[in-house]
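Each chain, written out:
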Amino acid sequence: MNRRTALVSSLLLGGLVPTRLFGQSARSRRVARREDEPEAVAEAPDDGGDGAPVADFRGQPGHDWSEFDISRYTDLAHTESNPQTALVEWITRRTGMDVWHGDKVAVLCASRTRLLAYHNAKVREQVAEMVQRFTRSAADLMRVRVRLVVAADPSWRRYVIYSKLNPIKSGPQGQQVWTTSVQDAAFILAQMSINQSFRVLHDKTVTLVNGQTHTVKTYVTRDYIAGLQRAGGAGIGFQGGTGQLEEEVVLRLSPLLTYEGDSLEAAVDLQTNTVRALHRTRVLAPREVGPAEMTIDVPEVAETRLHKAFGGWPLNQTLLISAGVQPGILQTKSGIWNSLRLPPGNTELLAFVDLEVVNPPARTARARLRDRD
């Protein structure tokens with residue numbers, strides 16, 4: 001026994017050092033809390049190894065758990081990797097986002113097989129109704145046709161069928177949403193065709209699963225002189241640096257059948273980004289060769305957005321959306337379109353959306369109501 005070992009042994013035998021200090025595990029030392037750290041209310045619950053959440057936190061008065069089997073919906077032929085996200089999005093549209101982020105604990109989560117909700121009875125009833133619209137829908141698949149049209153001006157409203165448009169929504173920058181019959185929508189486009197006063201930007205039909213989101217994007221790029229950059233050659237100094245802007249229209253549409261299957265709710269997110277002009281500005285540039293003044297562009301960009309959810313869209317009618325007047329959007333900025341009679345400043349962006357179910361309902365609405373009861 002060397003001198004150091006003998007000293008430690010004598011201290012232990014003499015009781016100068018408590019032996020419990022040597023019994024502390026590495027884990028207990030790692031979780032030692034500093035005095036300035038807040039004390040945790042409870043440890044995170046163990047999921048048991050299967051990924052299933054466990055209600056191990058402190059309960060809230062009036063709150064309880066509800067669990068829903070959503071495998072029938074998620075087992076459909078989805079193109080999205082996480083189709084259950086659509087249920088969560090539509091539930092929060094129905095209940096509002098604030099009810100899940102209040103002063104009481106609330107839970108809303110979904111996996112590929114089940115959806116869990118922890119809230120009061122009223123909110124869980126709303127969740128149950130929305131889940132049924134996905135798992136017991138009248139039809140699982142829809143055929144959606146989206147046409148984006150730029151009209152030469154708003155004069156199409158002069159047509160005799162304007163009084164037949166049924167307004168259902170308006171937006172913060174003057175956007176408008178209507179429903180109309182398929183025949184009247186075709187008449188509007190026919191009149192535009194006769195007068196050569198419109199241009200089709202997008203026309204495509206896709207098959208969509210009930211409640212999922214279809215995204216349409218069309219854009220053009222605009223080059224401009226964004227600033228100055230040092231040239232590669234010695235003694236040249238600075239040259240104009242080219243940048244690129246995207247002028248675009250993005251439409252995100254999420255239609256959801258009502259439980260009866262005769263009409264839809266729709267979540268619409270229509271964004272436009274228009275490069276209205278490039279303002280040429282002269283600046284002084286540090287150059288060894290050539291003039292000291294150079295020109296750069298300052299973009300003038302306008303952006304609008306319609307982000308709304310609404311109901312009352314009958315299956316046999318066309319949804320017509322006006323994004324308002326978008327000066328010169330997605331067109332040549334110099335002069336008048338060859339195909340239009342009016343200058344770009346009067347152009348209006350329109351979206352025509354038609355939808356039909358692909359597969360007929362397997363049961364009647366009355367039978368589904370009996371199942372729900």
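Everything in this summary refers to the structure shown in the same document. The structure presented is a predicted model; accordingly, all values stated were derived computationally and were not measured.

Some remarks on the overall build of the protein chain
- Tallying secondary structure elements over the protein chain gives seven helices and 13 strands in all.
- Looking at the protein chain as a whole, 38% of its 373 residues qualify as buried.
- Considering only residue pairs separated by 6 or more positions, the protein chain has 71% of its internal contacts joining residues 24 or more positions apart.
- For the protein chain, the accessible surface area stands at approximately 21,400 Å², while carbon and sulfur atoms represent 50% of it.

Re the environment of I91
- Its place among the elements puts I91 in helix α4 (residues 85-95).
- Remark: the alpha-carbon pair of I91 and E129, spanning 38 residues in sequence, is separated by 9.3 Å.
- Excluding anything up to four places from it in sequence, I91 contacts G96, W100, L108, L115, V127, M130 and V131.

Overview of the side chain of S254
- Within the secondary structure layout, S254 lies in strand β9 (residues 238-257).
- Note on S254: relative accessible area 3%, which makes it buried.
- A polar contact is formed between the side chain of S254 and the backbone oxygen of Q212, at a distance of 3.4 Å.
- Ignoring anything within four residues of it in the chain, the contact list for S254 reads W90, R93, G211, Q212, T213, E265, A266 and A267.

Topic: the pairing of strand β6 (residues 176-181)
- Judged from the four bridges that link them, strand β5 (residues 166-170) and β6 form a sheet pairing that is antiparallel. Each bridged residue has a counterpart across the sheet, and for K169 the counterpart in β6 is V177.
- Here β5 folds back onto β6 in antiparallel fashion, the turn holding five residues, of which G174 has a positive phi close to 85°.
- Of the pairings in the sheet, the one linking β6 to strand β12 (residues 317-325) comprises six bridges and is antiparallel in character. Bridge assignment links T179 to a residue of β12, and that residue is L319.

What to know about α4
- Along α4, the positions that sit buried rather than exposed are A86, L87, W90, I91, T92 and T95.
- Here the buried face of α4 lies against α3 (71-74), β2 (107-110), β3 (114-119), α5 (121-135), β9 and β10 (263-284).

Details of the nonpolar core
- If you look at the biggest cluster of nonpolar residues, it comprises 31 residues, and the most contacted ones within it are V144, L148, V268, L270 and I321.
- Those elements that provide at least two residues to this core are β4 (141-151), β7 (198-209), β9, β10, β11 (293-314), β12 and β13 (348-357).
- Examining the composition of this core, we find that five residues originate from one element, β4, more than from any other.
- Setting aside its immediate chain neighbours within four residues, L148 contacts R199, V200, L201, H202, V216, T218, V249, L251, L350 and A351.
- Core analysis: the second largest hydrophobic core is formed by 19 residues, L87, W100, V127 and A267 among them.

Re the side chain of H63
- Position of H63 relative to the elements: it lies in the loop between α2 (26-30) and β1 (64-69).
- Discounting residues that sit within four places of it in the chain, H63 has contacts with K104, V105, Y118, H119 and N120.

Observations regarding the pattern of salt bridges
- With the rule as written, the count across this model stands at 14 salt bridges.
- For E129, the salt bridge goes to R94, with nearest N and O atoms at 2.9 Å. Of this pair, E129 sits in helix α5 while R94 sits in helix α4, and the two are 35 residues apart along the sequence.
- A relative accessible area of 38% places R94 in the partly exposed class.
- Close ionic contact of R143 with E356 constitutes a salt bridge, the shortest N to O distance being 2.9 Å. With a gap of 213 residues between them, R143 in strand β4 and E356 in strand β13 connect regions that are remote in the sequence.
- Residue class for E356 comes out partly exposed when judged on its relative accessible area of 42%.
- A network of salt bridges, in which partner residues are shared, links K217, E246 and E248.

Reading the values: rules and limits
- Residues numbered from 1 in each chain as written.
- Predicted model: local features only at pLDDT ≥ 70, side-chain atom pairs only at ≥ 80, totals over all residues.
- Heavy atoms only, no water.
- Helix = DSSP H or I, 4+ residues; strand = E, 2+ residues; numbered from the N terminus.
- Buried < 20%, exposed > 50% of the residue type's maximum accessible area, 1.4 Å probe, protein only.
- Contact = heavy atoms within 4.5 Å.
- Areas by Shrake-Rupley, 256 points an atom, 1.4 Å probe, with all protein chains shown as cover.
- Polar contact = N/O pair within 3.5 Å; in protein donor to acceptor, adjacent residues only side chain to side chain.
- Pairing = 2+ DSSP bridges.
- Core = buried A, V, L, I, M, F, W, Y, C linked by side-chain atoms within 4.5 Å.
- Salt bridge = Lys/Arg side-chain N within 4 Å of Asp/Glu carboxyl O.

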